[in-house]
Amino acid sequence: MGQLSLPLADPLPGYRFHVYLNETVLGFQKVTGISREIETEVYREGGLNTMVHVFPKCCGGERVLRMERGAYGGVSHPFCAVGERMEGNLNLMVLDGMGSPVKKYLFTGLLVKCWEVGELSAEQNILLIDCFEVCYEDFELLK
């Protein structure tokens, strides 16, 4: 039986990344929601009770990127326009320990879904955080 040969490399750090909207660099401290899934349908074959067939259906629903960053003064950030389509694409670049890009994601069909201001508390000495949710129609792995 043959062996599966995978390239051996160090795992990628998840703390070094850049987010670009078209050519503009946007600084975020956290990005979540990069996923792709599909619904399936299970078909039980008559006569053979030890096996089922699995068939793909349609894509698995809404895809949402959630991005967090420290709040700044003003409302000039493009993700503050809730309910509006965004022109262009969003690029996410994961960097290695030396700062070179090792993984690139391209998100298309962007719609700003949500803008949420973090907790305000006089009892804690914390930064004010803005959270943005952007729906995307598709993404592809470029590298």
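Structure's up top.
Residues numbered from 1 in each chain as written. Predicted model: local features only at pLDDT ≥ 70, side-chain atom pairs only at ≥ 80, totals over all residues. Heavy atoms only, no water.

Draft legend 1. Local environment of the pattern of salt bridges. All told, the structure shown has 7 salt bridges when counted by the stated rule. For Arg66, the salt bridge identified is with Glu116, shortest N-O distance 3.7 Å. Of the two residues, Arg66 is situated in strand β6 (residues 64-70) and Glu116 in strand β9 (residues 111-117); the sequence distance between them amounts to 50 residues. Among the residues examined, Arg66 registers a relative accessible area of 22% and is labelled partly exposed. The partner of Glu133 in a salt bridge is Arg66, with the nearest N and O atoms 2.9 Å apart. One end of the pair, Glu133, is in strand β10 (residues 129-135); the other, Arg66, is in strand β6, with 67 residues separating them in the sequence. (Salt bridge = Lys/Arg side-chain N within 4 Å of Asp/Glu carboxyl O. Helix = DSSP H or I, 4+ residues; strand = E, 2+ residues; numbered from the N terminus. Buried < 20%, exposed > 50% of the residue type's maximum accessible area, 1.4 Å probe, protein only.)

Draft legend 2. Spatial organisation of the pairing of strand β1 (residues 17-21). Burial of β1 is extensive: 4 of the 5 residues sit out of reach of the surface. Relative to strand β7 (residues 90-95), β1 is paired through 5 bridges, and the arrangement is antiparallel. If you follow Val19 over to β7, its bridge partner there is Leu92. Where β1 and strand β2 (residues 24-26) come together, 3 bridges link them in antiparallel fashion. Looking at the pairing, Tyr20 lines up with Val25 of β2. The antiparallel hairpin formed by β1 and β2 contains 2 residues in its connecting segment, where Asn22 sits at a positive phi of about 60°. (Pairing = 2+ DSSP bridges.)

Draft legend 3. Seen up close, the sheet that holds β9. Ordered by their spatial adjacency, 4 strands build an open sheet running β3-β6-β10-β9, and the pairing between neighbours is antiparallel. This sheet does not close on itself; its edge strands, each paired only once, are β3 (30-32) and β9. The average undirected angle you get between the axes of adjacent strands in this sheet is 15°. Relative to β10, β9 runs antiparallel, the two being bridged by 6 bridges. Bridge pairing in β10 links Trp115 to Phe132. (Axes fitted to C-alpha atoms, helices over the stretch in contact; angles between N-to-C directions.)

Draft legend 4. Molecular detail of unusual backbone geometry. If you check the backbone angles, Asn22 has positive phi at about 60° while not being a glycine. Tracing the backbone shows Asn22 in the loop between β1 and β2. Exposure remark for Asn22: the relative accessible area of 38% places this residue in the partly exposed category.

Draft legend 5. Spotlight on the state of the cysteines. Applying the stated criterion across every chain, the model contains 0 disulfides. The closest cysteine sulfur to the non-disulfide-bonded Cys114 is located on Cys131, 8.1 Å from its own sulfur. Among the residues examined, Cys131 registers a relative accessible area of 7% and is labelled buried. (Disulfide = S-S within 2.5 Å.)

Draft legend 6. Structural context of the sheet that holds β2. Pairing in this open sheet of 5 strands is antiparallel, and the strands run β2-β1-β7-β8-β11 from one edge to the other. What marks the edges here is a single partner per strand, and that holds for β2 and β11 (138-141). Averaged over all pairs of adjacent strands, the angle between strand axes in this sheet comes to 25°, irrespective of strand direction.

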